[in-house]
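# Observations on the three-dimensional arrangement
Letter by letter, the chains look like this.
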Amino acid sequence: MKKIAILHGPNLDRLGRRQPAIYGTATLKDLEKMIRAEAKKIGFTVTFFQSAHEGALVDKIHALTDRGTEAFVVNFGAYSHTSIALRDALAASGLPAVEVHISDIKKREKFRHHSMTAGACRAMISGKGFPGYLEALQRLPKYL
């Protein structure tokens, strides 16, 4: 089975409580359960990591790369719009990644319209809610 890592950035641990009009009422645990079920259908094993700390996310990308992870699905939250460090870590991994945003970043505040990290990814899925993560998993086989 292919090893896939799902990385979540700041505030995603607040899903279900944070701005439910934008993000819904389901929790990160609910999302991970949905991802795990879809990954199993595709033939992936998944690991999850969430942090509000940019450096912790960078360190995790390096560690997972060194431990044989074969691809990433990432939602770096607000760091997507600001972090060259995360972009560089993904690029340095040499592994395929798909970036996901629960909300449509193009319909949000202007500063959210551009993702710095998307340039290190094979695709970006935005505005499809939790099903966007399933779409990301379904796209990964063509990059592996």
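Heads up: the structure comes first, above all this text.
As the structure is a prediction and not an experimental result, all values here were calculated from the model.

Thresholds, definitions, all that
Residues numbered from 1 in each chain as written. Predicted model: local features only at pLDDT ≥ 70, side-chain atom pairs only at ≥ 80, totals over all residues. Heavy atoms only, no water. Axes fitted to C-alpha atoms, helices over the stretch in contact; angles between N-to-C directions. Helix = DSSP H or I, 4+ residues; strand = E, 2+ residues; numbered from the N terminus. Parallel < 35°, antiparallel > 145°, perpendicular 65-115°, else oblique. Left-handed = near helix turned anticlockwise from the far one by under 90°. Contact = heavy atoms within 4.5 Å. Nonpolar A, V, L, I, M, F, W, Y, C, P; charged D, E, K, R; others polar. Core = buried A, V, L, I, M, F, W, Y, C linked by side-chain atoms within 4.5 Å. Buried < 20%, exposed > 50% of the residue type's maximum accessible area, 1.4 Å probe, protein only.

Between helix H2 (residues 28–42) and helix H5 (residues 131–139), the least distance of the axes is 10 Å, while the angle of their chain directions is 25°. Regarding the angle of H2 to H5, the classification is roughly parallel. Read as a crossing pair, H2 and H5 show a hand that is right-handed. The residues of H5 that touch H2, namely those facing Leu31, Met34, Ile35, Glu38, Ala39 and Ile42, are Tyr133, Leu134, Leu137 and Gln138. Taken together, the residues that form the contact of H2 with H5 break down as eight nonpolar, one polar and one charged.

The next point concerns the nonpolar core. Counting 24 residues, the largest nonpolar core has Ile4, Ile6, Leu15, Val73, Tyr133, Leu137 and Leu140 as the members making the most contacts within it. Every element with two or more residues in this core is listed here: strand S1 (2–8), H2, strand S2 (44–50), strand S3 (71–75), strand S4 (97–101), strand S5 (123–126) and H5. Residues contacting Ile6, with those up to four places away along its chain left out, are Ile35, Val46, Thr47, Phe48, Phe49, Val73, Tyr133 and Leu137. If you look at the next biggest cluster of nonpolar residues, it comprises 17 residues, including Ile61, Leu64, Leu95 and Cys121.

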